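Secondary and tertiary structure notes
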Amino acid sequence: MPMRLLDRLIQGTGVVCRGGVLLCGALVVLISIVIAFDVVARKATGISIVGVDEISGFILAISCSWGCAFALLHRAHVRVETVQLVLSQRICAILDLVGLLLLGAFVAIVGWYGANVLNMSIDMGSNADMLDVSLWIPQTAWVAGYLMFVIVAVLLFLRSAAALLAGDLTTLHALIGSRSAVEEVEHEKQQVVAH
């Protein structure tokens, strides 16, 4: 696959992931307002909104799966890089590739089991406990986040492996390497300027 095509695909997944996390963020804010209202209403009147805890659980699960894909694209996952500080840049690049491969494989396994749960819910026609909502609806969004993560991981792995083979360690680091303290500061400055 040509590198330009991989770069475009990575950009495209970035747009999809950004849309997903913005929607999830809006849902988290909305459910937080509903929960706050529910707490006040329950205290004042003794009446509670049915299913708020279920809906918040759905939103949390969906937000986590989509947020992980977004974090992968932006190199925002937490890493322990003590060993990388004493290794050569090439060895660090190889370790970054191996780490990406292992993380992608782990999330693929989690997504596989999530897809099995989704299939069982569809086969059995399962509904949420307190709400009359088919479980396949929130579970589809949840599994889609894991699928997006795996797609992002594969694209980043292919592009980073191509960069490693071409000897372009700078590009590899920009794609999947740990952010240094200086990079973190620059990233935060860009975020402030952008807003």
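The notes below deal with the structure included here.

Rules behind the numbers
Residues numbered from 1 in each chain as written. Predicted model: local features only at pLDDT ≥ 70, side-chain atom pairs only at ≥ 80, totals over all residues. Heavy atoms only, no water. Helix = DSSP H or I, 4+ residues; strand = E, 2+ residues; numbered from the N terminus. Contact = heavy atoms within 4.5 Å. Areas by Shrake-Rupley, 256 points an atom, 1.4 Å probe, with all protein chains shown as cover. Lys, Arg positive; Asp, Glu negative; His and termini not counted. Charge placed at Lys NZ, Arg CZ, Asp CG, Glu CD. Phe/Tyr/Trp six-rings, centres within 6.5 Å; stacked < 30°, edge-to-face > 60°. Axes fitted to C-alpha atoms, helices over the stretch in contact; angles between N-to-C directions. Parallel < 35°, antiparallel > 145°, perpendicular 65-115°, else oblique. Left-handed = near helix turned anticlockwise from the far one by under 90°. Nonpolar A, V, L, I, M, F, W, Y, C, P; charged D, E, K, R; others polar. Salt bridge = Lys/Arg side-chain N within 4 Å of Asp/Glu carboxyl O. Expected span 1.5 Å × (residues − 1). Buried < 20%, exposed > 50% of the residue type's maximum accessible area, 1.4 Å probe, protein only.

**A closer look at the overall build of the protein**
- The number of helices and strands found in the protein is 6 helices and 0 strands.
- The linear arrangement of helices and strands in the protein, starting from the amino end, is α-α-α-α-α-α.
- With respect to the principal axes defined by its C-alpha atoms, the protein has extents near 65 × 40 × 30 Å.
- Long-range pairs, those at least 24 residues apart, make up 74% of the contacts in the protein between residues at least 6 apart in sequence.
- Of the roughly 12,100 Å² of accessible surface on the protein, 71% is carried by carbon and sulfur atoms.
- Looking at charge distribution, the protein has the averaged site of its 11 positive side-chain charges lying 10 Å from that of its 14 negative ones.

**Considerations on the packing of aromatic side chains**
- Applying the stated criterion across every chain, the model contains 1 aromatic pair.
- Ring centres of Trp 142 and Tyr 146 lie 5.7 Å apart, and the angle between their planes is 70 degrees; this geometry places the pair in the edge-to-face category. Linking Trp 142 with Tyr 146, this pair stays in helix α4 (residues 136-165), spanning 4 residues, or about one helical turn.

**Observations concerning unusual backbone geometry**
- Phi is positive for Arg 75, close to 50 degrees, though the residue is something other than glycine.
- Looking at the element boundaries, Arg 75 is found in the loop between α2 (52-73) and α3 (89-124).

**Quick word on the packing of α4 against helix α5 (residues 169-176)**
- For the pair α4 and α5, interaxial distance at closest approach is 8 Å and the crossing angle is 160 degrees. Classed by the angle they form, the pair α4 and α5 counts as roughly antiparallel. Seen from above, α4 lies across α5 with left-handed handedness. Each of Leu 156, Arg 159, Ser 160, Ala 163 and Leu 164 in α4 lies in contact with α5, whose residues at this interface are Leu 169, Thr 171, Leu 172, Leu 175 and Ile 176.
- Of the residues contributing to the contact of α4 with α5, the split by class is 7 nonpolar, 2 polar and 1 charged.

**Some details on the pattern of salt bridges**
- Going through the model one piece at a time under the given rule, you end up with 2 salt bridges.
- The residue Arg 42 makes a salt bridge to Asp 38 at a minimum N-O spacing of 3.0 Å. Separated by 4 residues within a single helix, Arg 42 and Asp 38 lie in helix α1 (residues 3-45), roughly one turn from each other.

**So, α3**
- If you check α3, its first and last C-alpha atoms are 52 Å apart, about what 36 residues at 1.5 Å a residue would give, namely 52 Å.
- Every buried residue belonging to α3 is among Cys 92, Ala 93, Asp 96, Leu 97, Leu 100, Gly 104, Val 107, Gly 111, Gly 114, Leu 118 and Ser 121, and all of these are buried.
- After α3 finishes, the residue Gly 125 shows a positive phi value of roughly 65 degrees.

**Here's the deal with the side chain of Ser 126**
- Secondary-structure assignment places Ser 126 in the loop between α3 and α4.
- Judged by its relative accessible area of 18%, Ser 126 is buried.
- Dropping the residues within four chain positions of it, Ser 126 is found in contact with Met 120, Ser 121, Val 133, Ser 134 and Leu 135.

**Quick look at α2**
- Taking 1.5 Å per residue as the helical rise, α2 with its 22 residues ought to reach 32 Å, and the 31 Å between its terminal C-alpha atoms agrees with that figure.
- Close packing links the buried residues of α2 with α1, α3 and α4.
- Arg 75 lies just past α2 and shows a positive phi near 50 degrees.

**Regarding the side chain of Asp 38**
- For Asp 38, a relative accessible area of 5% corresponds to the buried category.
- Excluding residues within four positions of it along the chain, Asp 38 makes contact with Ile 47, Ser 48 and Ile 49.

So yeah, pure geometry; function would need other evidence.
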